[in-house]
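# An overview of the molecular structure
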Amino acid sequence: MLCRAISLVSFFALAGCVVAQSTGGDVPFDRAHIADGTLLKKALAAIKKGDALADKGGLDLPQAVASYEEALEVNPDNAELNLKLGVCMLNGPQPTSALAKIQRAAELDPAMARVHFLLGYALQLNAKWDEAIAEYTRHGQMIRLSPDPDRTYNMVDKHIAGAGTARSTWPRRCVPP
């Protein structure tokens, strides 16, 4: 009896997770999803400012991150914004911190262009070799029919090989000679 009750509780908990996931997903920045017009306008302005700063790159990346984070407070469930923030973090002074944002973008919109390549790269920077290889492979499957216009994102085999080499040599790098 107890086993059956636990099974039922597990079943309903799992069903609740599935329902929650199916109702979630990528949430756009629009009036239908953000009722407060003032808040929406402020978030869109922060994204526009972040985009301009990110395009400059270099020393402007920390301000771009701050602008994107401001917009993320209004809508943390927008895949594109999470990816933009993650890319800025990848190019900033602490690239390993980008992983959570890029993972979130991939969860929200797994079909988004380049998200699996960038996730693979972030995982690789965090020494998660097998996961990085899996994401690079997934990206490779996505671009097989339609290659990315930017050659960088088509060099999947090179990145898979790099992650594999790093995985096999990682413990030796950490041990002093």
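Preceding block: the structure.
The paragraphs below set out a description of the structure included in this document. The numbering scheme is per chain: residues are counted from 1 as the chain's sequence reads. Given that the model is predicted, a residue must reach a pLDDT of at least 70 before its local features are reported, and side-chain atom pairs must reach 80 or more before they are shown or counted; all residues, however, enter totals for whole chains, interfaces and linings. Values shown for side chains rest on all heavy atoms present in the structure; no hydrogens or waters enter the calculation.

### Brief notes about the packing of aromatic side chains
What counts as a ring pair is set by centres within 6.5 Å for rings of Phe, Tyr and Trp (its six-membered ring), and what kind of pair is set by the plane angle: stacked under 30 degrees, edge-to-face over 60, tilted for all other angles. Scanning the entire structure with this criterion turns up two aromatic pairs. Aromatic side chains Phe 117 and Tyr 153 sit 5.1 Å apart centroid to centroid with 75° between the ring planes, which places their arrangement in the edge-to-face category. In this pair, Phe 117 is assigned in helix H6 (residues 115–125) and Tyr 153 in the loop between helix H7 (129–143) and helix H8 (156–174), connecting sequence segments 36 residues apart. Of the two residues, Phe 117 and Tyr 153, both sit in the buried class. Taken together, Phe 117, Tyr 136 and Tyr 153 form an aromatic cluster joined through their ring pairs. Under the DSSP-based scheme used, a helix requires at least four consecutive residues in state H or I and a strand at least two consecutive residues in state E, with every element numbered from the N terminus. Summary of the burial criterion: residues with accessible area below 20% of their type's maximum are buried, those above 50% are exposed, and those between are partly exposed, where the area comes from a 1.4 Å probe applied to protein chains only.

### Topic: helix H5 (residues 99–108)
Looking at H5, one finds that the buried residues are Leu 99, Ile 102, Ala 105, Ala 106 and Leu 108. Buried residues along H5 sit against helix H4 (79–90) and H6. Any two residues whose heavy atoms approach within 4.5 Å are treated as being in contact.

### Brief notes about the nonpolar core
In summary, soluble globular proteins display a tendency toward joint burial of nonpolar side chains. Core analysis: the biggest nonpolar cluster contains 38 residues, and Phe 29, Ala 71, Leu 81, Leu 83 and Ile 102 have the highest contact counts within it. Among the secondary structure elements, those contributing two or more residues to this core are helix H2 (37–56), helix H3 (61–74), H4, H5, H6 and H7. Ranked by residue count, the leading element in this core is H4, at seven residues. Apart from residues no more than four positions distant in its own chain, Leu 81 is found in contact with Phe 29, Ile 47, Tyr 68, Ala 71, Leu 72 and Asn 75. The nonpolar core is taken to be a set of buried Ala, Val, Leu, Ile, Met, Phe, Trp, Tyr and Cys residues, with the residues joined through side-chain atoms within 4.5 Å.

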